[in-house]
Amino acid sequence: DRDLRKMLSEKRIKSVEDRSVGSEIFDQQTLKTLYKMANSGYLNILNGAISTGKEANVLKGIHEDGHFLAVKIYRINTSDFKKMQYYIQGDPRFKVRTTHKRQLVYAWVNKEYRNLKRSLEAGIVVPKPIISQNNVLIMEFIGDDDGNPAPILRNKAPENPEKAFESVVTSMKKLYHEAKLVHGDLSGFNILNNNEEMVIIDMSQSVVVDHPISRELLERDIDNIILDFKKFGVSASHEEVKQKILG
Ligand code: ADP
């Protein structure tokens, strides 16, 4: 606690106690992690909430260079451990045989970092992951230069729906064949419409194609994408999209 108070007094993360950030999400361990990241130069200021989800909060961060960051903080207590265990068990990259909740969340966050990195390397448009430590993931901020985050596709229809759809299907194909991953929760909620560029986000649950549930998840992703784009006037059949992805 002395350490924490010392770190707090350094106030590297100036608005960590700011009400707008919702300080109740920061348990002591999380604060320590944030301060460690701040002291290593990854982050200077936390500057308000972008999103408060079921399991994680996404905050806007500012680097000392002045550029914005997205800081995703998983809450330990509200996580779905059963799901995490189930998804991690079938993934050969992870050897976590733990029922320890905190360790499981840490592995989950590391999984999201690695999935984003693998996707980026395969040429898919995702936020560039910068670092993950414990339950905190720092990644590229997707939005404008004034710090306004890009809207989710659900909230902002693309101007050219056909083109946007093509781009999403191409990403799914690259994800499958090059990154060898299936997103697993793809829909208009997890795609940002960044000035007409379709940016895929939220990859913690993404699984390797060898995972026993990967095919099932792929079928679901295809259905969700077709349904969401139908609202924008794009019609496509499940088989047709599946054929495009699997080739
Ligand atoms: P959750 O699992 O809590 O839904 P997400 O990764 O989907 O977490 O992020 C929640 C929300 O935060 C997104 O819908 C989006 O609005 C915002 N967001 C997430 N990542 C970024 C990012 N890199 N840049 C800008 N906004 C982001």
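The rules behind the values
- Numbers given for residues are sequential positions, taken from 1 along each chain in its written order.
- Given that the model is predicted, a residue must reach a pLDDT of at least 70 before its local features are reported, and side-chain atom pairs must reach 80 or more before they are shown or counted; all residues, however, enter totals for whole chains, interfaces and linings.
- UniProt positions are given in the numbering used here, feature names are shortened, and annotations may be inferred rather than shown by experiment.
- Boundaries between domains were set according to an automatic or database domain assignment.
- Working definition of a contact: two residues with C-beta atoms, positioned from the backbone, lying within 7 Å.
- Residue type decides the class: Asp, Glu, Lys and Arg count as charged, Ala, Val, Leu, Ile, Met, Phe, Trp, Tyr, Cys and Pro as nonpolar, and the leftover types, Gly among them, as polar.
- A residue's pLDDT is the confidence the predictor assigns to it, expressed on a 0 to 100 scale.
- Joining buried Ala, Val, Leu, Ile, Met, Phe, Trp, Tyr and Cys residues through C-beta atoms within 7 Å gives a set, and that set is a nonpolar core.
- Residues with at least 20 other C-beta atoms within 10 Å of their own are called buried, those with 12 or fewer are called exposed, and the rest are partly exposed. The C-beta atoms themselves are positioned from the backbone.
- Numbering of helices and strands runs from the N terminus; a helix is a DSSP stretch of H or I covering at least four residues, while a strand is a stretch of E covering at least two.
- Whether a residue is near a molecule or strand depends on its C-beta atom, generated from backbone atoms, being within 6 Å of that molecule or strand.
- One less than the residue count of a helix, multiplied by 1.5 Å, gives the span that helix is expected to have.
- When DSSP finds two or more bridges between two strands, those strands count as paired.
- The convention used is that axes are lines fitted to C-alpha atoms, helices contributing only their stretch in contact, and that angles between N-to-C directions extend from 0 to 180 degrees.

As recorded by an unreviewed UniProt entry, the protein carries the name non-specific serine/threonine protein kinase and is attributed to Methanobacterium alkalithermotolerans. Word for word, the UniProt comment on the protein under Sequence similarities (unreviewed entry) is "Belongs to the protein kinase superfamily. RIO-type Ser/Thr kinase family."

**Student:** Is there a simple way to think about the domain arrangement of the protein in this case?
**Tutor:** Each domain of the protein was delimited in the assignment, giving domain 1 (2–140) and domain 2 (153–246). At the interface, 18 residues of domain 1 touch 21 residues of domain 2. When the residues that make up the side of domain 1 that touches domain 2 are grouped by side-chain class, the tally is nine nonpolar, four polar and five charged.

**Student:** Got a minute to help me understand the confidence of the model for the protein in this structure?
**Tutor:** Low pLDDT marks regions whose predicted coordinates should not be analysed in detail. This prediction gives the protein a mean pLDDT of 90; 89% of its residues lie at or above 70. A low-confidence stretch, residues 4–9 (pLDDT under 50), is modelled with four contacts involving residues beyond four sequence positions or located in other chains. Counting contacts from residues 14–22, a segment whose pLDDT is below 50, to residues more than four positions away or on other chains yields 20 contacts. Among the prediction metrics, the complex's ipTM stands at 0.99, with pTM recorded as 0.92.

**Student:** Even after reading the chapter, I still don't get the nonpolar core, so can you show me in this structure?
**Tutor:** Within soluble globular proteins, side chains that are nonpolar generally end up buried alongside one another. Residues Leu69, Val71, Ile138, Val168 and Val199 are the most contacted members of the largest nonpolar core, which totals 61 residues. Here the element with the most residues in this core is helix α5 (residues 161–177); it accounts for seven residues. Composition of this core by domain shows at least three residues from each of domain 1 (2–140) and domain 2 (153–246). Other than its neighbours up to four places away in sequence, Ile138 contacts Met37, Tyr42, Leu43, Gly61, Leu69, Val71, Ile130 and Ile131.

**Student:** Just checking my understanding: could you explain the environment of Lys72 for this structure?
**Tutor:** Inspection of the secondary structure puts Lys72 in strand β3 (residues 68–74). Here the alpha-carbon distance between Lys72 and Leu137, two residues 65 residues apart in the chain, equals 5.1 Å. Setting aside chain neighbours within four positions, we find Lys72 in contact with Ala56, Val58, Leu137 and Met139.

**Student:** Please clarify how the site of the ligand should be interpreted in this entry.
**Tutor:** Around the ligand, the surrounding shell holds 19 residues, and the nearest of these are Ser51, Gly53, Ala70, Pro127 and Asp202. Looking at the shell around the ligand, the elements with two or more residues in it are β1 (45–52), β2 (56–62), β3 and β5 (136–140). Taken together, the residues that form the shell around the ligand break down as eleven nonpolar, four polar and four charged. When we break the shell around the ligand down by domain, the ones giving at least three residues each are domain 1 (2–140) and domain 2 (153–246).

**Student:** What exactly am I supposed to notice about helix α4 (residues 101–121) here?
**Tutor:** Two residues of an α-helix separated by three or four positions point the same way, owing to the 3.6 residues in each turn. The terminal C-alpha atoms of α4 lie 30 Å apart, and with 21 residues this matches the ideal 30 Å at 1.5 Å per residue to within 8%. Those residues of α4 that sit buried are Val105, Tyr106, Trp108, Val109, Lys111, Glu112, Tyr113, Asn115, Leu116, Arg118 and Ser119. Buried positions along α4 lie against β3, α3 (81–89), β4 (129–133), β5, α5 and β6 (181–182). Positive phi shows up at Gly123, right after α4, with a value of about 85 degrees.

**Student:** What is the right way to look at the sheet that holds β5 in this model?
**Tutor:** Think of a sheet as strands paired side by side through backbone hydrogen bonds, with each pair either parallel or antiparallel. Spatial ordering of the open sheet is given by β1-β2-β3-β5-β4, a layout of five strands whose pairing is antiparallel. Only two strands of the sheet have a single neighbouring strand rather than two, namely β1 and β4. Across this sheet, the average inter-strand angle for adjacent strands is 25 degrees, counted without regard to direction. Judged from the five bridges that link them, β1 and β2 form a sheet pairing that is antiparallel. Paired with Ala49 across the strands is Leu59, a residue of β2. On top of the sheet, helix α2 (residues 28–39) reaches β3, β4 and β5; it is set at about 40 degrees to β5, its chief contact.

**Student:** Is there a simple way to think about unusual backbone geometry in this case?
**Tutor:** Excluding glycine, residues mostly have negative phi values, and the peptide bonds linking residues are mostly trans. Residue Lys180 is not a glycine yet carries a positive backbone phi of 55 degrees. Here Lys180 lies in the loop between α5 and β6. Unlike most non-glycine residues, Asn195 shows phi in positive territory, near 55 degrees. You can see Asn195 is positioned in the loop between β7 (191–194) and β8 (197–200).

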